[in-house]
Amino acid sequence: DTEVTQTPKHLVMGMTNKKSLKCEQHMGHRAMYWYKQKAKKPPELMFVYSYEKLSINESVPSRFSPECPNSSLLNLHLHALQPEDSALYLCASSQVMYEKLFFGSGTQLSVL
Amino acid sequence: GNSVTQMEGPVTLSEEAFLTINCTYTATGYPSLFWYVQYPGEGLQLLLKATKADDKGSNKGFEATYRKETTSFHLEKGSVQVSDSAVYFCAHNSGNTPLVFGKGTRLSVIA
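Residues numbered from 1 in each chain as written. Chains lettered and ligands numbered in written order. Predicted model: local features only at pLDDT ≥ 70, side-chain atom pairs only at ≥ 80, totals over all residues. Heavy atoms only, no water.

K.L.:
Give a detailed account of the state of the cysteines, specifying residues and quantitative values.
P.N.:
The term disulfide refers to a covalent linkage connecting the sulfur atoms of a pair of cysteines. Under the counting rule described, the total for this entry stands at two disulfides over all chains. Between the sulfur atoms of C23(A) and its disulfide partner C91(A) the distance amounts to 1.9 Å. Its torsion about the S-S bond being -70°, the disulfide of C23(A) and C91(A) is classed as left-handed. Taken together, the residues C23(A) in strand 3 (residues 18-25) and C91(A) in strand 9 (residues 87-94) connect sequence positions 68 residues apart. With a relative accessible area of 0%, C91(A) lands in the buried category. Covalent S-S linkage joins C23(B) and C90(B), the inter-sulfur distance amounting to 1.9 Å. Taking the sign of the torsion about the S-S bond as the criterion, the disulfide between C23(B) and C90(B), at about -70°, is left-handed. (Disulfide = S-S within 2.5 Å. Helix = DSSP H or I, 4+ residues; strand = E, 2+ residues; numbered from the N terminus. Buried < 20%, exposed > 50% of the residue type's maximum accessible area, 1.4 Å probe, protein only.)

K.L.:
How would you explain the sheet that holds strand 8 (residues 73-79) of chain A if you had to name every residue and give the values?
P.N.:
Residue and element names in this part refer to chain A. Reading across from one edge, 1-3-8-7 is the order of the four strands in this open sheet, with antiparallel pairing throughout. Looking at strand neighbours, the two that pair on one side only are strand 1 (4-7) and strand 7 (64-70), the edges of this open sheet. The mean inter-strand angle of the sheet, taken between neighbouring strand axes irrespective of direction, is 20°. Pairing geometry for strand 3 and strand 8, over seven bridges, is antiparallel. Residue S20 lies in a different strand from strand 8, and its bridge partner there is H77. (Pairing = 2+ DSSP bridges. Axes fitted to C-alpha atoms, helices over the stretch in contact; angles between N-to-C directions.)

K.L.:
An account of the packing of aromatic side chains is needed here, citing residue identities and associated values.
P.N.:
Under the counting rule described, the total for this entry stands at 11 aromatic pairs over all chains. Ring geometry for Y35(A) and F103(A): centres 5.5 Å apart, planes at 50°, overall tilted. Linking Y35(A) in strand 4 (residues 31-37) with F103(A) in strand 10 (residues 102-103), this pair joins segments that are 68 residues apart in sequence. Judged by relative accessible area, Y35(A) falls into the buried class, the value being 1%. Connected via pairs of aromatic rings, a cluster forms that spans Y33(A), Y35(A), F103(A), F34(B), Y36(B), F89(B) and F101(B). (Phe/Tyr/Trp six-rings, centres within 6.5 Å; stacked < 30°, edge-to-face > 60°.)

K.L.:
Which residues make up the pairing of strand 4 of chain A, and what values do they have?
P.N.:
All names here are of chain A. Among the seven residues of strand 4, seven are classified as buried, and the element is accordingly described as predominantly covered. Pairing between strand 4 and strand 5 (residues 44-50): six bridges, direction antiparallel. The partner of A31 across the bridge, within strand 5, is S50. Alignment of strand 4 against strand 9, held across seven bridges, turns out to be antiparallel. In the sheet register, Q37 faces strand 9, and the bridge partner there is L88.

K.L.:
Any details on the side chain of D84(B)? Residues and values, ideally.
P.N.:
All names here are of chain B. Topologically, D84 is positioned in the loop between strand 9 (75-77) and strand 10 (86-93). D84 gets classed as buried once you look at its relative accessible area, which sits at 6%. In this structure the side chain of D84 is engaged in a polar contact, spanning 2.8 Å, whose partner is the backbone nitrogen of Q81. Leave out the neighbours within four places in its chain, and D84 touches F62, K77, L107 and V109. (Polar contact = N/O pair within 3.5 Å; in protein donor to acceptor, adjacent residues only side chain to side chain. Contact = heavy atoms within 4.5 Å.)

In structure tokens form, the structure reads like this:
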């Protein structure tokens, strides 16, 4: 299994909603990442988990809250988002930090 | 600081044309270099990589050579197909730093 699986594929939420994005990999990778990608832009790193501990937070607003329940799962909890947070959210994993990344297909998020 | 510069798109080619997408980088130390491809509605897929000077990465007919003297990693393909239409990202990382992406180059191949 060489896949990173993200759910849902699409999400529409209001500014007062709480929702979660989920990411799963079964490659035994110990580093997992959240990226945000706006249209026609490269991905921007948000968070990195290494061995289930948060290693990097790229000054992301607190309305985004990551969680790594175990070595295979990564969640991104969303609360009180703004319309400008609408983007494609990509999860990635690597064997260890800074090795080559395997990306999921992303969740296309629209905040109304 | 660390950065990647790649040619602005979009690039439009006819099927079977030769493709070059230029990429240069600035980095501390000896970075690993990557090309990722993003097809419409998808995440990024690793296309090829090179980890040291003069290494050539290749995959699916695409090639790129790690040129330390010119700090470049240009992507080439001899004969593009319609199915190669996608956005191509050059990227690097140096030791203990996260991946740095270029801005991406959109390629459209027409039949």
